[in-house]
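Chain by chain, the residues run as shown.
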Amino acid sequence: MKIAIASGKGGTGKTLLATNLASYWSERQSVVLTDIDVEEPNDALFLQLPKIAQEERFKFIPSWDSTRCTLCGQCQEVCNYHAIIQLGTEIMVFDELCHSCYACSELCPAKALPMVPHKIGELTHYHHANLSFVESRLEIGEEQAVPLIAQTHRYVDDHFSKDHVQLFDCPPGTSCPVIEATKHADFVILITEPTPFGEHDVKLAMQTMHQMNKPFGLVINRADVGNSDLLAYCKANTIPVLATIPFDRHIAEAYAQGLLVYEQVPAVKPALDQIIDFLQAFAINQK
Amino acid sequence: MKIAFTTKGTEWNSPMDARFGRTEFIVIYDEETNTLSSFDNRAIENEAHGAGTATSKKLFELKPDVLITGNGPGQNAATVLKKLNVKIFGGAGEMTMKEAYEAYQSSDLAML
């Protein structure tokens, strides 16, 4: 089962939930956690596991061969992203704009645009006991997160069965990286805080999941701050609230030290148990 | 000298468009013939990506000597514009085209 942890608003506890849920759940059965927030992966700070594999990841972009080019201009006509343009007798390729669709390369009558590898990041695979952890990290300066997220999903599919508990720590927001990160999920956990800002952004995330036809539920973090508007909204719209995590200084202190909080703060385990129970029941219902 | 403006209209009193890649119009003023011509760039709104390179490509065809704009081109557009040897002046995003031209003439615009 694939479970995505997303949020809308950033800083609401995706990493806190992902690392603690993965580690706690792995005490009972095999779990793989994937940090798919490739622009700023940070789960590794909390999971000190032995590394078992590391791979460079690439996308493919066209490289102009001026000796073959006949300057027909067809490449710039077929590019949907204006990533390749002809200026007089020169063809310019913009690596960051290229979506690796191969159209210019395949349709070039002179075969003057061979596709060449362009490094976009690194994938690292860690493993200990029942817990596997996969992290993808986008190369600094790279603009597109989506190709690396897509490749990371393929890596997980190649290495873990569908029956394996698969958790994905997703990027914040509602844009392309979130869509790519959540689109294969069987269930999406949206974690937020009960403040006007948290409520506003999680509603955007809920709309996004709704449009993607994804089953989702909420986890409310820092449940004692803010107001009860969000809970009332969930009740009125029959949106499941899987668990609440209290606003507790000890959680912040343990987290700031890079510790797993369920081992430090007793109130966290019951919340994780509720989430696991919910997801296991959901998985049985799906079958 | 041919001077290009990024604008929201095609008249001297039209407001400038602060954006380069997604500018609504490109207006060219030819100082020698004292004539205005314009290119309607509004189709760019439908493009999700690469507005900067697409508009730069258009500018390459129009071959101005000077570009007067607002926020200035982004990195991709700037790479193309370098090939054009066009002098770029920014900071005119809140002016009308006429005000922008006068500011350029009195050297009140920053060269980018």
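Residues numbered from 1 in each chain as written. Chains lettered and ligands numbered in written order. Predicted model: local features only at pLDDT ≥ 70, side-chain atom pairs only at ≥ 80, totals over all residues. Heavy atoms only, no water.

Caption draft 1: Broad picture of the overall build of chain B. Summing up its helical and strand segments, chain B has three helices and six strands in all. Over its C-alpha atoms chain B spans a radius of gyration of 12 Å, differing by no more than 12% from the 13 Å that the globule rule assigns to 112 residues. With the principal axes as the frame, chain B shows a C-alpha extent of 35 × 25 × 25 Å. When burial is assessed residue by residue, chain B has 48% of its 112 residues classed as buried. The long-range fraction of contacts in chain B, counting pairs at least 24 apart against all pairs at least 6 apart in sequence, stands at 51%. Of note, chain B has its 12 positive side-chain charges centred 8 Å away from the centre of its 15 negative side-chain charges. (Helix = DSSP H or I, 4+ residues; strand = E, 2+ residues; numbered from the N terminus. Rg over C-alpha atoms; globule rule 2.2 N^0.38 Å. Buried < 20%, exposed > 50% of the residue type's maximum accessible area, 1.4 Å probe, protein only. Contact = heavy atoms within 4.5 Å. Lys, Arg positive; Asp, Glu negative; His and termini not counted. Charge placed at Lys NZ, Arg CZ, Asp CG, Glu CD.)

Caption draft 2: Seen up close, the side chain of Asn20(A). Residues and elements named next belong to chain A. By secondary structure assignment, the location of Asn20 is in helix 1 (residues 14–25). Given a relative accessible area of 2%, Asn20 falls into the buried group. Within the local environment of Asn20, its side chain forms a polar contact with the backbone oxygen of Leu16, the two atoms lying 2.7 Å apart. In this structure Asn20 touches Leu260, Val261, Tyr262 and Leu272, once residues within four positions along its chain are discounted. (Polar contact = N/O pair within 3.5 Å; in protein donor to acceptor, adjacent residues only side chain to side chain.)

Caption draft 3: Fine view of the nonpolar core. Counting 40 residues, the largest nonpolar core has Leu17(A), Leu21(A), Trp25(A), Leu167(A), Ile189(A) and Ile275(A) as its most contacted members. Ile36(A), Val38(A), Phe168(A) and Phe216(A) belong to the second largest nonpolar core, which has 32 residues in total. (Core = buried A, V, L, I, M, F, W, Y, C linked by side-chain atoms within 4.5 Å.)

Caption draft 4: Quick peek at the interface of chain A and chain B. Tallying the contact residues gives 13 residues for chain A and 11 residues for chain B. Roughly 1,100 Å² is buried in total at the junction of chain A and chain B, and carbon and sulfur atoms are behind 67% of that figure. Three residues, His82(A), Leu87(A) and Phe94(A), lead the burial of chain A against chain B; their summed loss comes to 43% of the area buried on that side. At the boundary of chain A with chain B, the tally comes to one salt bridge. (Buried area = accessible area lost by both parts, 1.4 Å probe. Salt bridge = Lys/Arg side-chain N within 4 Å of Asp/Glu carboxyl O.)

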